[in-house]
Amino acid sequence: MSDSDVALLDRPIWSALTTCQKHLAEGGPRALRYPVDMTPFADMVDMSVASFAALGDLLSGSQVAALFTPEPVDVPAGFKVVLAESGEQMIGSPADSPLRDAEIVTLEAADVPAMIALTTLTKPGPFAVRTHELGTFLGIRSGGELVAMAGERMKPGNFTEMTAVCVHPEHRGRGYAQALLAAIARQIEARGEIPFLHVFSSNASAIALYQRQGMRIRRRLHVTAFMKQG
């Protein structure tokens, strides 16, 4: 893995939309975004006024653009910041964590209402009606109800992001998150790709969980979400 390959992760959204997921990219040479019914993620070629204007042209109404960047974003006039936090980018191969009393299943389009209900409850990050189209999503059901899930999202170069790792509050402590993370990672590695993920810096318990499974913090990124003002 060369330095140039790893450098793709410094701007994971831009890298994904100009490599493996360029077929999903909306915009032009200065600003790109995913379809809004997949994710609000977007990025720009630089932080110039012209690039912000290009990104603003992609936004309508109350649509939000969410950026992952190496440095804090100084949002110019005409935009309203709705989120500004830091996140840890973690990389590595999560250790296998077999389950004894539950089955991991592949989630399909028919499962989207249940996936949205679970992510709305647990808030692992943005999840919309077409997010599942970004990659494989796996889940665990109990009594017919979806109680845990994890999946794939951004694909910058030879890397694939693991995302939406969440467990219903009434089903935590059973190893579901660890098992799903490991299962998703094995699928990614089977394709010859490298798994990574993002977690808010404030989420100490999740960071500790991922570290116990063998992942490491690669670097800190800044998460900035904003919309057009007025």
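The written sequence of each chain sets the order in which its residues are numbered from 1. Only residues with pLDDT of at least 70 are given local features in this predicted model, and only at 80 or more are side-chain atom pairs given and counted; all residues enter the totals for whole chains, interfaces and linings. The basis for the side-chain values is all heavy atoms of the structure; hydrogens and waters are excluded.

A few words now on the side chain of E88. The helix count covers DSSP runs of H or I at least four residues long, the strand count covers runs of E at least two residues long, and both are numbered beginning at the N terminus. Structurally, E88 can be placed in strand β5 (residues 79-91). Taking relative accessible area as the criterion, E88 reaches 5% and is therefore assigned buried. Ignoring anything within four residues of it in the chain, the contact list for E88 reads L197, H198, V199, S201, I207, I217, R219 and R220. Here's how the labels work: a residue is buried when its accessible area is under 20% of the maximum for its type, exposed when over 50%, partly exposed in between, all with a 1.4 Å probe on protein chains only. In what follows, residue pairs with any heavy atoms lying within 4.5 Å of each other are defined as contacts.

A side chain of one charge can pair with a side chain of the opposite charge when the charged atoms of the two come close. Any carboxyl oxygen of Asp or Glu within 4 Å of a side-chain nitrogen of Lys or Arg constitutes a salt bridge here. Within the structure shown, the criterion is met by 15 salt bridges. Two residues, R130 and D37, come together in a salt bridge whose shortest N-O distance is 3.2 Å. Of this pair, R130 sits in the loop between α4 (112-122) and β7 (137-142) while D37 sits in the loop between β2 (31-33) and β3 (42-44), placing them 93 residues apart in sequence. Taking relative accessible area as the criterion, R130 reaches 26% and is therefore assigned partly exposed. A salt bridge links K155 to E152, with the shortest nitrogen-to-oxygen separation between them at 2.9 Å.

Only when DSSP finds a minimum of two bridges between them are two strands counted as paired. The eight strands lie next to each other as β4-β11-β5-β10-β9-β8-β7-β6, forming an open sheet whose pairing is mixed. The sheet is open, and its two borders are formed by β4 (65-69) and β6 (104-106), each paired with just one other strand. Taken over all neighbouring pairs, the strand axes of this sheet differ in orientation by 30 degrees on average, direction set aside. Direction of pairing for β5 relative to strand β11 (residues 216-228): antiparallel, over a ladder of 12 bridges. The partner of L83 across the bridge, within β11, is A225. Whenever a helix is involved, its axis is fitted only over the stretch in contact; in every case the axis is a line through C-alpha atoms, and angles between N-to-C directions fall within 0 to 180 degrees. Sheet contacts for α4: β7, β8 (145-152) and β9 (159-167); angle to β8, the most-contacted strand, approximately 90 degrees.

Within α4, the full set of buried residues consists of V112, M115, L118, T119 and T122. Down the axis of α4, the buried set is contained in an arc of 125 degrees. They therefore lie on one face. Next to the buried residues of α4 lie β7, β8 and β9. Following α4 by one or two positions, K123 adopts a phi angle in the positive range, close to 55 degrees. In this context, the arc is that of the directions from the helix axis out to the C-beta atoms.

Take the packing of aromatic side chains next. For this analysis, a ring pair means two rings from Phe, Tyr or Trp (six-membered ring only for Trp) whose centres lie within 6.5 Å, classed as stacked if their planes differ by under 30 degrees, edge-to-face if by over 60, and tilted for the remaining angles. Enumeration according to the criterion identifies six aromatic pairs in this entry. Seen from their ring centres, F41 and F68 are 4.9 Å apart, and the 55 degrees between their planes marks the pair as tilted. Of this pair, F41 sits in the loop between β2 and β3 while F68 is found in strand β4, placing the two residues 27 residues apart along the sequence. One exposure class covers both F41 and F68, and it is buried. Taking the centre distance of 6.4 Å and the plane angle of 90 degrees together, the rings of F159 and F196 count as edge-to-face. Separated by 37 residues along the polypeptide, F159 in strand β9 and F196 in strand β10 (residues 194-200) bring together distant segments of the chain. One exposure class covers both F159 and F196, and it is buried. Members of the aromatic cluster, connected to one another through ring pairs, are F52, F79 and F226.

Secondary-structure assignment places D43 in strand β3. Not counting residues within four places of it along the chain, the set of residues in contact with D43 comprises R11, I13, W14, R30, A31, L32, L67, F68 and T69. Throughout this description, a polar contact denotes any pair of N or O atoms lying within 3.5 Å of each other; where both atoms belong to protein, one of them has to be capable of donating a hydrogen while the other can accept it, and for residues adjacent in sequence the pair is counted only when both atoms sit in side chains. One polar contact links D43 to R11, side chain to side chain, over a distance of 2.7 Å.

Here F137 shows up in strand β7. Accessibility expressed as a relative area gives 2% for F137, which makes it buried. Taking the C-alpha atoms as reference, F137 lies 9.4 Å from M162; in sequence the two are 25 residues apart.

The values reported here are purely geometric and, on their own, carry no functional implication.
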